[in-house]
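Structural characterization, general
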Amino acid sequence: RAFVELFADDTRLTRGLAAAAAKLKAWGASIQALGKQVFASGLLITGALLGASKIFADVGSNLNDMADRTGISVEALSGLQFAAEQAGASIGDVEIGIKHMQRTLAEAAKGGAEARTALARLGVTASMLRGMTPDQQIAALAQGLGRISDPSKRAAAALGIFGKSGTKLIHMLKGGADGLQAVIDEASEAGLIMSTEGAAAART
């Protein structure tokens, strides 16, 4: 009797099976869509990781090369890069400024009047800076710039030491050695200082 009743009135069965089939199909479609999203997310994450790896390699390689050119450690350059970027300049401006600074110090050591005057504005001499690493020299010069309260005179003094890049580096250096070191310490605390070993690994 149950068999007869079941198939005699199959409308409810048909509707039930159809509803179940629809739900199953919808569930399958949602799982498929989710799988596509996960796959797409995986591609995005992979792409982002590859992009980050390339950026790390490029930065490390550039800092390594710049360390060879300037005589400043990768660690010190990393700190100066962060300080420069916070002041609206770039590590390229820092390198150009360093080269001009080194020429100024060499000319002053030879007795060049203009170079000696440029250093005297900051209260330093070539002999005082002799034996310091370039980043230490920058800190000493920053200390002199920080003592100049007149913005126009401070800009002229920076221009005399660092050349045209001095106008871009003035905001980085106007806080003196302590201000510069505070920004570098901030970079260190944030884990933004690259090591010499890391830069060497990035180069390879």
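**Some details on the side chain of Ser 78**
Among the secondary structure elements, Ser 78 is positioned in helix 3 (residues 74–86). Residue Ser 78 is classed as buried on the basis of its relative accessible area of 4%. The contact partners of Ser 78, leaving out residues within four places of it in the chain, are Leu 63, Leu 192, Ile 193 and Met 194.

**Re the pattern of salt bridges**
Enumeration according to the criterion identifies three salt bridges in this entry. Taking the shortest distance from any N to any O, the salt bridge between Asp 93 and Lys 168 comes out at 3.6 Å. Linking Asp 93 in helix 4 (residues 91–109) with Lys 168 in helix 9 (residues 166–173), this pair joins segments that are 75 residues apart in sequence. The exposure class of Asp 93 is buried, given its relative accessible area of 11%. Residue Glu 95 is joined to Lys 99 by a salt bridge in which the shortest nitrogen-to-oxygen separation is 3.7 Å.

**Remarks on the confidence of the model for the chain**
Mean pLDDT over the chain: 80, with 69% of residues reaching 70 or higher. When the elements of the chain are averaged for pLDDT, helix 1 (residues 2–8) gives the smallest value, 49, and helix 5 (residues 113–120) the largest, 96.

**Comments concerning the packing of helix 4 against helix 9**
Two elements in contact, helix 4 and helix 9, have axes whose closest approach is 9 Å; the angle formed by their N-to-C orientations is 105°. The angle between helix 4 and helix 9 falls in the class roughly perpendicular. Mapping the contact onto sequence places Asp 93, Val 94 and Gly 97 in helix 4 and Lys 168, Leu 169 and Met 172 in helix 9. Here the residues of the contact of helix 4 with helix 9 are counted per class, giving three nonpolar, one polar and two charged.

**Digging into the environment of Leu 80**
Among the secondary structure elements, Leu 80 is positioned in helix 3. With relative accessibility at 3%, the residue Leu 80 sits in the buried group. In this structure the C-alpha to C-alpha distance between Leu 80 and Ile 193, which are 113 residues apart in sequence, comes to 9.6 Å. Ignoring anything within four residues of it in the chain, the contact list for Leu 80 reads Ile 72, Ile 91, Val 94, Ile 138, Met 172, Leu 180 and Ile 184.

**Regarding helix 5**
Within helix 5, the full set of buried residues consists of Ala 115, Ala 118 and Leu 119. Along the long axis of helix 5, the arc covered by the buried residues comes to 95°, so they all point the same way. In helix 5, those exposed residues whose orientation departs by more than 90 degrees from the buried face are Ala 113, Glu 114 and Ala 120. Those residues of helix 5 hidden inside the fold are in contact with helix 4, helix 6 (126–129), helix 7 (134–146) and helix 8 (151–162).

Quick notes on the rules
- Residues numbered from 1 in each chain as written.
- Predicted model: local features only at pLDDT ≥ 70, side-chain atom pairs only at ≥ 80, totals over all residues.
- Heavy atoms only, no water.
- Helix = DSSP H or I, 4+ residues; strand = E, 2+ residues; numbered from the N terminus.
- Buried < 20%, exposed > 50% of the residue type's maximum accessible area, 1.4 Å probe, protein only.
- Contact = heavy atoms within 4.5 Å.
- Salt bridge = Lys/Arg side-chain N within 4 Å of Asp/Glu carboxyl O.
- pLDDT = per-residue confidence, 0-100.
- Axes fitted to C-alpha atoms, helices over the stretch in contact; angles between N-to-C directions.
- Parallel < 35°, antiparallel > 145°, perpendicular 65-115°, else oblique.
- Nonpolar A, V, L, I, M, F, W, Y, C, P; charged D, E, K, R; others polar.
- Arc of directions from axis to C-beta.

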